[in-house]
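# Structural characterization, general
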Amino acid sequence: MYDKSLTQAVLLLLGIQLTALWPTAAVEIYTSRVLEAVNGTDVRLKCTFSSFAPVGDTLTVTWNFRPQDGGSEQFVFYYHGEPFEPMSGRFKNRVAWDGNPERNDVSILLWKLQFDDNGTYTCQVKNPPDVDGVLGEIRLSVVQTVRFSEIYFLALAIGSACALMVIIVIAVVLFQHFRKKRWADRAHKVVEIKSKEEERLNQGKKVSVYFEETD
């Protein structure tokens, strides 16, 4: 009896020591933080994570939504071994799993955006024993049209420059074409004039020969 109690005490002490030695690193979550999308389009809410523990079947992912104008938090999506889409509410038939846990990707797709989808989307990941960590947040703004950024201006400038170069090349080619055609027309006229002059000279010679023979 005494030996059994001693064994249990040793095992308990060993378990406490192993727990103390186990790293307490929490799950770290990464998102785009701010996202802008056009009304009526689809958008990918990207969320990735890092965890000390290997990813397994115990991984759980929870997506929730907080409206911009206030109100209670709403369920968006849940993943635990397989995706679970909402059966009711605003996101029914409008959200799909687009993640890959093996690559630490737990993103989702949101279809047919509406203006009342404006708000904050939270991504929570638990990968036991790593179950602590700060929520990942994405503040989504649904707009009528996307505002121009530096990338759009750069693309516009490059496109304009390319179009200008094409126009210049076409203008040069046309100029060379019409120039050659003009020289060809002049050469043709010169040949015609010489031919007419030679024909006149030949006719004059024939007349002279005729008068000489009659004399």
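Since this is a predicted model, take the numbers as computed values, not measurements.

Attention now goes to unusual backbone geometry. Note that the residue after P128, namely P129, is joined by a cis bond; omega there is 5°. Mapped onto the fold, P129 is located in the loop between β10 (119–126) and β11 (136–143). Even without a glycine there, the phi angle at R33 is positive, about 70°. You can see R33 is positioned in strand β2 (residues 33–38).

This brings us to the pattern of salt bridges. Scanning the entire structure with this criterion turns up seven salt bridges. A salt bridge links R66 to E73; the nearest nitrogen and oxygen atoms lie 4.0 Å apart. The partly exposed category is assigned to E73, whose relative accessible area is 45%. In this structure, R66 engages E137 in a salt bridge whose closest nitrogen and oxygen atoms are separated by 3.2 Å. With R66 in strand β5 (residues 60–67) and E137 in strand β11, the pair connects residues that are 71 residues apart, well separated along the chain. On the accessibility criterion, R66 (30% relative accessible area) is partly exposed. We classify E137 as partly exposed; its relative accessible area is 28%. Overlapping salt bridges bring together R90, R94, D116 and D117 as one network.

The next subject is the nonpolar core. Among the nonpolar cores identified, the biggest contains 28 residues, and W63, V76, Y121 and V125 are the most heavily contacted of them. Those residues in contact with Y121 that lie beyond four places of it in its chain are L45, W63, N64, F65, V76, F91, L110, G136, E137, I138 and L140.

With that settled, consider the pairing of β10. By the criterion of burial, β10 is predominantly enclosed, with six of the eight residues buried. As paired elements, β5 and β10 share eight bridges and run antiparallel to each other. Bridge assignment links N64 to a residue of β10, and that residue is T122.

A contiguous nonpolar surface patch, about 380 Å² in accessible area, is contributed by V166, I170, L174 and F178. Relative to the assigned elements, I170 resides in helix α2 (residues 150–214).

Strand order in this open sheet of six strands is β2-β11-β10-β5-β6-β7, and the pairing throughout is mixed. Because the sheet does not close on itself, it has two edges, and the strands there are β2 and β7 (83–84). Strand direction decides the pairing type here: β10 and β11, joined by five bridges, are antiparallel. What sits directly across from T122, in β11, is E137.

Criteria and thresholds
Residues numbered from 1 in each chain as written. Predicted model: local features only at pLDDT ≥ 70, side-chain atom pairs only at ≥ 80, totals over all residues. Heavy atoms only, no water. Helix = DSSP H or I, 4+ residues; strand = E, 2+ residues; numbered from the N terminus. Salt bridge = Lys/Arg side-chain N within 4 Å of Asp/Glu carboxyl O. Buried < 20%, exposed > 50% of the residue type's maximum accessible area, 1.4 Å probe, protein only. Core = buried A, V, L, I, M, F, W, Y, C linked by side-chain atoms within 4.5 Å. Contact = heavy atoms within 4.5 Å. Pairing = 2+ DSSP bridges. Patch = residues over 30% accessible without salt bridge, like charges linked within 9 Å, V, L, I, M, F, W, Y side chains within 5 Å. Areas by Shrake-Rupley, 256 points an atom, 1.4 Å probe, with all protein chains shown as cover.

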